[in-house]
Amino acid sequence: MFEANLRRAEAQQRSALLACDSYQIHVDLSGRGADGAPLAEPEKTFVSTSTVRFSAREAGRTHIDLIADRVVEATLDGTPIDPSAFVDHRLGFDVTPGDHELTVTAICRYSRVGTGLHRFVDPADDRVYLYTQFEVPDARRVFACFEQPDLKATFTFSVTAPAHWTVVSNALSVEPSPVSEGVARWDFAPTLRMSTYITALIAGEYHTVTDTYEREAGTLPMSVLCRQSLVEHLDSDRILATTKAGFDVFEDRFGYPYPFDSYDQIFVPEYNMGAMENIGCVTFRDEYLFRSRVTNASLRGRDNTILHELAHMWFGDLVTMTWWDDLWLNESFAEWASHFNQSENDEDPDTAWAEFCNSRKTWAYRQDQLPSTHPIAADMVDLEAVDSNFDGITYAKGASVLRQLVAYVGRDAFLAGVRDYFAAHAFGNTQLSDLLGALEKTSGRDLSGWSAEWLEVAGVNTMRADFDVDDQGRFTRFEVVQSAVAEHPTLRSHRMGIGVYALTDGALTRVKRVDHDITGERTEISELVGAERGDLVLLNDGDLTYTKIRLDPTSAKTVVDNIHLLDNELARALCWGASWDMCRDAEMPARDYVDLVLRGVAVESDLTAVSALLRQAQVAAELYTAPGADRRQVLTTWEQGLARHVRDAAAGSDHQLALTKALATAITSEAGADLLAAWLAGDEVPEGLVIDTDLRWHLVTQLARLGQLSGTDIDTELERDNTSAGRESAAGARSARPTAEAKAAAWELMVADPDIPNETHRQVCGEFWQSGQEKVLAPYASKYLDACLAISRAEGVWAERGLPLQSALMSYGFPIQVADQALVDEVGAWLESNELTDPVRRTVTERRDDAVRALRCQAASRA
């Protein structure tokens, strides 16, 4: 059940009635009430006062949103409002035409689930840290507001807090003024107009690194903040360098200088998301401050997240969607823009797009083939629907389609349209038609048909090459065949590259490429007639469009035998993606996919691809092979192949680290378990490999999975790393143990503990289901459905646990490791026979579909 839902129709009615001017918000974090007396629960509650100035176009009844323990006092134009009017998270009132001032003082509650104002006490040093997370509708957990994106206003924040704290908000940082002994007040300047969900408040004993960005528009103050216990891991030089390089590209290409007065980036604990684009006050999960060595893929991934949030300062913050139907105008554009920015700064512009293809696009293809797929421009009827649609369609498919749009209208016309869009709608709200209108003007193209095909219908097309060759191996006929599934039958228009690659001097090299518009079921490619067929025909060469591709038999064999010789990283990404699609669609046996990965992963230069391939091959071996002897054989092949790669990897290389982690995850044999135990003890460690904190916890978790560590052993490990991250890892390791007692304890934490922190809960859920533990896990298949029903009915702890914890249980807790046809049928019957909330029905349906796909692949592996 979604707490305090708001329907789109209600929001439209309210914005038709009201225009919002300004908020003046005071948040008191000193532990005292509005009357100055100590609060009864100062570690759980705080006081908030919100003064809102707005105007009404006519007389009417409306409400302001607030999720709080109680309203202490409220007045409208100086006249008291009875606090009992605060019902179901709304304070209702009547308005007359003209200007009004509403003031609401409330007792609000700190969050422990990462929404609203989250409070965290660091176990490393007992320091307190607070941060806000408001998207989609959680500013109302901190102050009374009109919680919808089109009622923009200016915000003037003031905060009372312990004097030794750091306090940051959307406006330029200020020096505090003393209030009383040990207590101070921070009064920030008014902001420019913004939506409620991108306001922010950060408070606590944060460490701060300051800097400036020099630009034509003037000096921009910048800072990076983190917990005191993570200072040694704060690589602020790279973070700031990435940010400045990002500003250089965006300010130039977007033609609109960053309009706000500062740019702070704060790394915060127990964060549910990767990051959040609060104006000038961006928050990141502090797992991005790497406590141990990581591969270049992780560093590049963090760079991309930094640029994604920076892009939001224009896409989403400067110009904001009117309602959440156009959420993609925020997320798809930021996703596209972050990779575009990296490609502009990289020596090889294909590098960023290969990374996109190897990671984000794979996410999009999976999401688009689930029963829950939806158009990019989705129908968001209420806030519950919005929360369910932060997915691979909104982010990665949307970005992929924008890349196709750039190819369709031309880069220069696209950027010119974007510049006009910002100039016309700065500090306002827009809909899809506003953007398309700007792009039509600069490109001269009618985009109504493009929008109908790409944004307003769901589904992904599949492309195959259909051709004939003569005795000399030259094409006599070449057509591209486009298909779609029956549920989503749209055949789209694509701008696509078609590449021909040949084995030459020990390399698989492109010898010809043509770019062509693909429309309808069949498109003739006359330019290829007479050209040599080569060894590999690659559709979508350059990865300009969003489509699944299939390799013809000769090309597929070339890829399986020679993927390591393909000399273009973006072409390799497409081949890796096509092979994974074929494996998931039961067209390539999982055994062959594992062999393919083992052949190419150790020499793949894109570490993003390496990470993705290792994960995918593990899934293929564990879930896409038939249970029994076949699966054991493939798992053995996978384990032994990885062991060889670890042995041969260059000492201290990124490949060595990535392969080592994959090997630890893959091990099922006694000899392998002995090797992990030796590494944990410091013996037989490969040259150049450092068993640092994070790698050590990974080894501990895998040994726990294998039954080689007791709860006492894990406690001992926690003593070595008694930090919040250590506690989370220890909880995950305990959950992975293959005993009935360990599973019972973990399950209790997953479904019944009211106080478990969100990240700890996610770790416990993520490690609970393990292959090879089917017997001890069997009873939890039905318990999973019971828990999902309790979530839907908001029973027990689920009456208070928010969507992040619900999602972790429903997603990670699904019993796919023990799934057979009987379980699939049981889940299907359960879905049919129960009234469920949309998020519960959607998530369980998606996970059931994953199980159906796994069974289909298992059946194909027997053939």
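Note that the structure is a prediction, hence the values are computed from the model and not measured.

A.B. asks: Mind showing me how you'd approach the overall build of the protein chain here?
C.D. replies: Each helix and strand counted, the protein chain has 28 helices and 29 strands in total. Taken over the C-alpha trace, the protein chain has a radius of gyration of 28 Å; the compact-globule value for 863 residues is 29 Å, and the two agree within 12%. Principal-axis analysis of the C-alpha atoms gives the protein chain an extent of 90 × 70 × 60 Å. By the burial criterion, 60% of the 863 residues in the protein chain qualify as buried. Look at the contacts in the protein chain between residues 6 or more apart in sequence, and 73% of them connect residues 24 or more apart. Taking the average place of the 80 positive charges on the side chains of the protein chain and the average place of its 133 negative ones, the gap between the two points comes to 3 Å.

A.B. asks: So what exactly am I meant to see when it comes to unusual backbone geometry here?
C.D. replies: Most peptide bonds take the trans configuration, and most residues that are not glycine carry a negative phi. Look at the link from E135 to V136: it is a cis peptide, with omega at 10°. With respect to the secondary-structure elements, V136 resides in the loop between β10 (128-133) and β11 (154-162). Positioned with a positive phi, N540 is a non-glycine residue whose angle comes to about 65°. Looking at where N540 falls in the secondary structure, it is placed in the loop between β28 (536-539) and β29 (548-549).

A.B. asks: Help me understand the nonpolar core in this model?
C.D. replies: Most often, soluble globular proteins have nonpolar side chains that are buried together. Membership of the largest hydrophobic core comes to 150 residues, with the highest contact counts inside it found for L29, F146, W314, W324, W336, F414 and F422. Excluding its chain neighbours within four sequence positions, the residues that come into contact with W324 are E135, V136, P149, Y197, M380, L383 and V386. Formed by 128 residues, the second largest nonpolar core is a distinct cluster that contains A590, V610, L659 and I816.

A.B. asks: Whenever I open this one, the pairing of strand β9 (residues 116-121) confuses me. Can you help?
C.D. replies: Along any regular strand, the residues point their side chains to alternate faces of the sheet. Of all the 6 residues making up β9, 5 are buried; the element is thus mostly covered by neighbouring parts of the structure. Between β9 and the antiparallel strand that follows it, β10, lie 6 residues; D126 among them carries a positive phi value of about 65°.

A.B. asks: Got a minute to help me understand the sheet that holds strand β24 (residues 475-483) in this structure?
C.D. replies: Strands in a sheet are paired, the pairing made by backbone hydrogen bonds, and the direction either parallel or antiparallel. Pairing is mixed across the open sheet formed by 4 strands, whose spatial order is β27-β24-β23-β29. Taken across any chain shown, the strands that pair with only one partner, and hence form the sheet edges, are β27 (522-524) and β29. By the bridge criterion, 3 bridges tie β24 to β27 in an arrangement that is antiparallel. Paired with V481 across the bridge in β27 is R522.

A.B. asks: Looking at this structure, how should I read the side chain of N834?
C.D. replies: Summarising the element assignment, N834 is placed in the loop between α27 (821-833) and α28 (838-862). You can call N834 buried: its relative accessible area is 16%. One polar contact links N834 to S833, side chain to side chain, over a distance of 3.5 Å. Leaving out residues up to four positions away in the same chain, N834 has contacts with L789, R793 and R841.

A.B. asks: What is the right way to look at the sheet that holds strand β7 (residues 90-95) in this model?
C.D. replies: Read from one edge of the open sheet, 3 strands run β3-β7-β6, paired in antiparallel fashion. Strands with a single pairing partner mark the edges of an open sheet, and in this sheet they are β3 (60-65) and β6 (86-87). Bridging between β3 and β7 involves 6 bridges; their strand directions are antiparallel. Following the sheet pairing, G60 is matched in β7 by V95. In the packing of helix α1 (residues 8-17) onto the sheet, contacts are made with β3 and β7, and the angle to β3 comes to roughly 115°.

A.B. asks: Explanation requested: the pattern of salt bridges in the structure shown.
C.D. replies: Pairing of side chains with opposite charge becomes possible as their charged atoms draw close. Counted by the stated rule, this structure contains 59 salt bridges. Of the charged contacts in the structure, one is a salt bridge between R141 and D138, with a shortest N-O distance of 2.8 Å. Across the pair D721 and R291 runs a salt bridge, and its minimum N-O distance is 3.0 Å. Highlighted residues: D721 in the loop between α20 (711-720) and α21 (724-736) and R291 in the loop between β20 (281-285) and α3 (296-312), separated in sequence by 430 residues. Look at D721 and you get buried, because its relative accessible area is 9%. Exposure remark for R291: the relative accessible area of 19% places this residue in the buried category. Members of the salt-bridge network, linked through shared partners, are R464, K548, R550, D585, E587 and R853.

A.B. asks: What's the story with helix α8 (residues 393-409) in this structure? I'm lost.
C.D. replies: For an α-helix the count is 3.6 residues per turn, leaving residues at separations of three or four pointing the same way. In terms of residue burial, α8 counts as a mostly covered element, since 15 of its 17 residues are buried. Phi turns positive one or two residues past the end of α8, at G410, with a value near 95°.

A.B. asks: For this particular structure, what's the right way to read the packing of helix α25 (residues 780-793) against α27?
C.D. replies: Think of two packed helices as two axes; the pair is described by the angle between the axes and how far apart they sit. One can describe the packing of α25 onto α27 by two numbers: an axis separation of 11 Å at closest approach and a directional angle of 20°. The pairing of α25 with α27 is recorded here as roughly parallel in orientation. The two elements α25 and α27 meet at a crossing, and its hand is right-handed. Across from A781, S782, L785, C788 and L789 in α25, the residues of α27 making contact are L823, E826, V827 and W830.

A.B. asks: Just checking my understanding: could you explain the packing of aromatic side chains for this structure?
C.D. replies: One pair of aromatic rings is described through two measures. These are the centre distance and the angle between the planes. Evaluation of the coordinates by the stated rule reveals 47 aromatic pairs. Their ring planes at 75° and their centres at 5.9 Å tell us that F143 and F157 sit as a pair that is edge-to-face. Note that F143 is positioned in the loop between β10 and β11 and F157 in strand β11, a separation of 14 residues in sequence. Judged by relative accessible area, F143 falls into the buried class, the value being 0%. F157 sits in the buried class, given a relative accessible area of 4%. Above the face of the W353 ring, R403 is positioned so that its terminal group lies 4.2 Å from the ring centre.

A.B. asks: Would you mind showing me how to read the environment of F188 here?
C.D. replies: Among the structural elements, F188 can be located in the loop between β14 (183-187) and β15 (201-204). Counting along the chain gives 15 residues from F188 to S173, while the straight-line C-alpha distance between them is 7.1 Å. Not counting residues within four places of it along the chain, the set of residues in contact with F188 comprises T156, F157, V159, V167, V168, S169, A171, L172, S173 and V174.

A.B. asks: How do you make sense of α27 when you look at a structure like this?
C.D. replies: The end-to-end C-alpha distance of α27, which contains 13 residues, comes to 18 Å, matching closely the 18 Å that a straight helix rising 1.5 Å per residue would cover. For α27, the full list of buried residues reads L823, V824, V827, G828, W830 and L831. Axial view of α27: buried residues confined to an arc of 160°, hence all on one face. Exposed positions of α27 whose direction lies more than 90 degrees from the buried face are A822, E832 and S833. Those residues of α27 hidden inside the fold are in contact with α25 and α28.

Parameters at a glance
Chains are numbered independently. Their residues run from 1 in the order of the written sequence. Selection of residues for local features in this predicted model requires a pLDDT of at least 70, selection of side-chain atom pairs for listing and counting requires 80 or more, and totals for whole chains, interfaces and linings are taken over all residues. Think of the side-chain values as coming from all heavy atoms in the structure, minus any hydrogens and water. Helical segments are the DSSP runs of H or I of at least four residues, strand segments are the runs of E of at least two, and each set is numbered from the N terminus. We take the radius of gyration over the C-alpha atoms and set the globule estimate at 2.2 Å times the residue count to the 0.38 power. Remark: exposure states derive from per-residue accessible area (1.4 Å probe, protein chains only) relative to the maximum for the residue type, with buried under 20%, exposed over 50%, and partly exposed in between. Any two residues having at least one pair of non-hydrogen atoms within 4.5 Å are treated as being in contact. Positive residues here are Lys and Arg, negative ones are Asp and Glu, while His and the chain termini are left out of the count. Charge positions are represented by NZ for Lys, CZ for Arg, CG for Asp and CD for Glu. Among the buried residues, those of types Ala, Val, Leu, Ile, Met, Phe, Trp, Tyr and Cys that are joined through side-chain atoms within 4.5 Å form a nonpolar core. Any two strands are treated as partners once DSSP identifies two or more bridges connecting them. Any N or O atom pair separated by 3.5 Å or less is treated as a polar contact, with the protein-specific requirement of one donor-capable and one acceptor-capable atom, and with residues adjacent in sequence counted only for side-chain atom pairs. Here an angle of 0 to 180 degrees is reported between the N-to-C directions of two axes, which are lines fitted to C-alpha atoms, with helices fitted over the stretch in contact. Each reported salt bridge corresponds to a side-chain nitrogen of Lys or Arg within 4 Å of a carboxyl oxygen of Asp or Glu. Working definition: roughly parallel below 35 degrees, roughly antiparallel above 145 degrees, roughly perpendicular at 65 to 115 degrees, and oblique for all remaining angles. Put simply, a crossing is left-handed when the front helix is turned counterclockwise from the back one by less than a right angle, and right-handed when it is turned clockwise. For Phe, Tyr and Trp, where Trp contributes only its six-membered ring, two rings pair if their centres lie within 6.5 Å, and the inter-plane angle classes them as stacked under 30 degrees, edge-to-face over 60, or tilted in between. Any Lys NZ or Arg CZ that is within 6 Å of a ring centre and within 35 degrees of that ring's normal is treated as a charge sitting over the ring. Here, expected helix span is obtained from the residue count minus one, scaled by 1.5 Å. The directions from the helix axis to the C-beta atoms form the arc being described.

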